[in-house]
Amino acid sequence: MDWIQELAKALRDVSPSQICQAFYVFASITIITIQTLPTTYRQALMDYGARLQNKSRQSLLARFLDCLQVPHSWFLHFYILSVSLSAFWGWQYVTRGAVLREIASAQVAVAKTPSMDISQVYVAWALMALQGTRRLYESLFVTRSGSSPMSSLHWLLGLLYYASMSISVWVEGSGAIINSWEDEHIIFHPPKRLPLGVALFTAGWLKQYECHKYLSSLKKYTLPEQGWFKHIVCAHYSSECLLYFGLCVSATPSGKLFNNTVLLGLLFIAINLGTTAKGTKEWYAQKFGAEKVDPKWRMIPFVW
Ligand SMILES: NC(=O)c1ccc[n+]([C@@H]2O[C@H](COP(=O)([O-])OP(=O)(O)OC[C@H]3O[C@@H](n4cnc5c(N)ncnc54)[C@H](OP(=O)(O)O)[C@@H]3O)[C@@H](O)[C@H]2O)c1
């Protein structure tokens, strides 16, 4: 049973931030692998929303996967989870709770990288809470839910993603969290880039709200053509990438290029939304004519 001891020893050397990072890499590889499957399975596993309208499946396996679909409106669960977890970690911090202490201590024991400043922990936590709250509000009061479906794999990945992101935003600040509990007087040393990160986040956050309001005003399904949608097929996805990039910049410890945990989360978002944006562009081209969508970017202006 040497290998079990070896494995246990190796796992003891893995930090919580590395576990989050491994999840993002694994989830990204899963999505990329699904893209290599035949179209019918790929659609059954990953497509959701309007893009799945009127798709009939031939094979038995694809039809079985269709049975595992849940409503697209279950996106609501992501934001209930996200807001609840933001509240949970906030409460753990204020009460010096055991769960936060365990994770932060495990991070400090293993991680060799510098910690975020405590001001960044507060800001990154608040930005994540703001994003979850706005999306929850939109899901409840703005989005006009249709009857479109989503695969349960997508739903499950979404839940895991929001659970992981709720930790990712502060985990590289574990040293600062523990210090702030031990020190009577907290001194803030925010890095110079913090305002830039907050500004990028705010721009993406406001833009995404505008995009969702606009989408909800459309007759289902028409071609979105206002604001950023004039040039980008999935402008709401572009704003999501922008706001998480802002979050990543805000949470980057001094002396580091980026917060690697949030950056890998952003990589997962870009791959996940990128595959959906690709499907959206193809669907719009079939429905409204290639000439209307060909000149537009899918998601990232000047890049893709
Ligand atoms: N962080 C992540 O990993 C992640 C993953 C997925 C999504 N998201 C974010 O969640 C938000 C929603 O994403 P989503 O993938 O659900 O977006 P979506 O498929 O474009 O749908 C958003 C809403 O707009 C409606 N809609 C879409 N296209 C329309 C059209 N042409 N005409 C009329 N209504 C239309 C949809 O209706 P139906 O309900 O009828 O489809 C749905 O209510 C996005 O901003 C995205 O960035 C984040």
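As the structure is a prediction and not an experimental result, all values here were calculated from the model.

### Here we look at the overall build of the protein chain
Summing up its helical and strand segments, the protein chain has 13 helices and 2 strands in all. Relative to the globule expectation of 19 Å for 304 residues, the C-alpha radius of gyration of the protein chain, 21 Å, shows essentially globular dimensions. Overall, the protein chain is about 65 × 50 × 35 Å in size when its C-alpha atoms are taken along their principal axes. In the protein chain, which comprises 304 residues, the proportion classed as buried is 48%. At a minimum sequence separation of 6, the contacts of the protein chain that also span at least 24 residues come to 82%. Surface accessibility of the protein chain: about 15,500 Å² in total, with carbon and sulfur atoms responsible for 66%. Mean positive and mean negative side-chain charge positions of the protein chain (27 and 18 charges, respectively) differ by 11 Å.

### Notes on the site of the ligand
In the region of the ligand, 30 residues are neighbours, and Tyr48, His72, Tyr221, Thr222 and Tyr237 sit closest. At 2.6 Å from a nitrogen atom of the ligand is found a main-chain nitrogen or oxygen belonging to Thr222. Interatomic distance of 2.8 Å between a side-chain N/O atom of His236 and an oxygen atom of the ligand. A total of 4 residues in the shell around the ligand trace back to one element, the largest contributor, which is helix H12 (residues 260-288). For the shell around the ligand, the per-class residue count stands at 14 nonpolar, 10 polar and 6 charged.

### Quick look at the nonpolar core
Judged by nonpolar contacts, the single largest core of 63 residues is most densely connected at Tyr161, Met165, Trp170, Ile177, Tyr244 and Leu247. Of all the elements, helix H8 (residues 152-171) adds the most residues to this core, at 9 residues. In this structure, Ile177 is in contact with Tyr93, Leu100, Ile118, Val121 and Trp170, ignoring residues within four places of it in sequence. Core analysis: the second largest hydrophobic core is formed by 6 residues, Tyr214, Leu218, Phe229 and Ala235 among them.

### Some thoughts on the packing of aromatic side chains
Applying the stated criterion across every chain, the model contains 24 aromatic pairs. Ring geometry for Phe78 against Tyr79: centres 6.2 Å apart, planes inclined by 80 degrees, an arrangement best described as edge-to-face. Using a relative accessible area of 4% as the deciding quantity, one classes Tyr79 as buried.

### Description of helix H2 (residues 16-35)
The terminal C-alpha atoms of H2 lie 29 Å apart, and with 20 residues this matches the ideal 28 Å at 1.5 Å per residue to within 8%. Inspection of H2 places Pro16, Ser17, Cys20, Gln21, Phe23, Tyr24, Ala27, Ser28, Ile31 and Ile34 among the buried residues, and these make up the whole buried set. Seen along its axis, H2 keeps its buried residues to an arc of 155 degrees; they face one direction. Turned more than 90 degrees away from the buried face of H2 sit Ile19 and Phe26, all of them exposed.

### Describing the packing of helix H10 (residues 194-217) against helix H11 (residues 235-250)
At a minimum axis separation of 7 Å, H10 and H11 run at an interaxial angle of 160 degrees. Between H10 and H11, the crossing angle belongs to the class labelled roughly antiparallel. Between H10 and H11 the crossing geometry is left-handed. Class assignment for the residues of the contact of H10 with H11 results in 15 nonpolar, 8 polar and 2 charged.

### With respect to the UniProt feature "domain: 3-oxo-5-alpha-steroid 4-dehydrogenase C-terminal" (unreviewed entry) in the protein chain
As recorded in UniProt, the sites labelled "domain: 3-oxo-5-alpha-steroid 4-dehydrogenase C-terminal" (unreviewed entry) are residues 188-304. Structurally, residues 188-304 comprises 62% helix and 0% strand, and the distance from its first C-alpha atom to its last is 39 Å.

Quick notes on the rules
- Residues numbered from 1 in each chain as written.
- Predicted model: local features only at pLDDT ≥ 70, side-chain atom pairs only at ≥ 80, totals over all residues.
- Heavy atoms only, no water.
- Helix = DSSP H or I, 4+ residues; strand = E, 2+ residues; numbered from the N terminus.
- Rg over C-alpha atoms; globule rule 2.2 N^0.38 Å.
- Buried < 20%, exposed > 50% of the residue type's maximum accessible area, 1.4 Å probe, protein only.
- Contact = heavy atoms within 4.5 Å.
- Areas by Shrake-Rupley, 256 points an atom, 1.4 Å probe, with all protein chains shown as cover.
- Lys, Arg positive; Asp, Glu negative; His and termini not counted.
- Charge placed at Lys NZ, Arg CZ, Asp CG, Glu CD.
- Near = heavy atom within 4 Å.
- Polar contact = N/O pair within 3.5 Å; in protein donor to acceptor, adjacent residues only side chain to side chain.
- Nonpolar A, V, L, I, M, F, W, Y, C, P; charged D, E, K, R; others polar.
- Core = buried A, V, L, I, M, F, W, Y, C linked by side-chain atoms within 4.5 Å.
- Phe/Tyr/Trp six-rings, centres within 6.5 Å; stacked < 30°, edge-to-face > 60°.
- Expected span 1.5 Å × (residues − 1).
- Arc of directions from axis to C-beta.
- Axes fitted to C-alpha atoms, helices over the stretch in contact; angles between N-to-C directions.
- Parallel < 35°, antiparallel > 145°, perpendicular 65-115°, else oblique.
- Left-handed = near helix turned anticlockwise from the far one by under 90°.
- UniProt positions renumbered as here; feature names shortened; annotations may be inferred.

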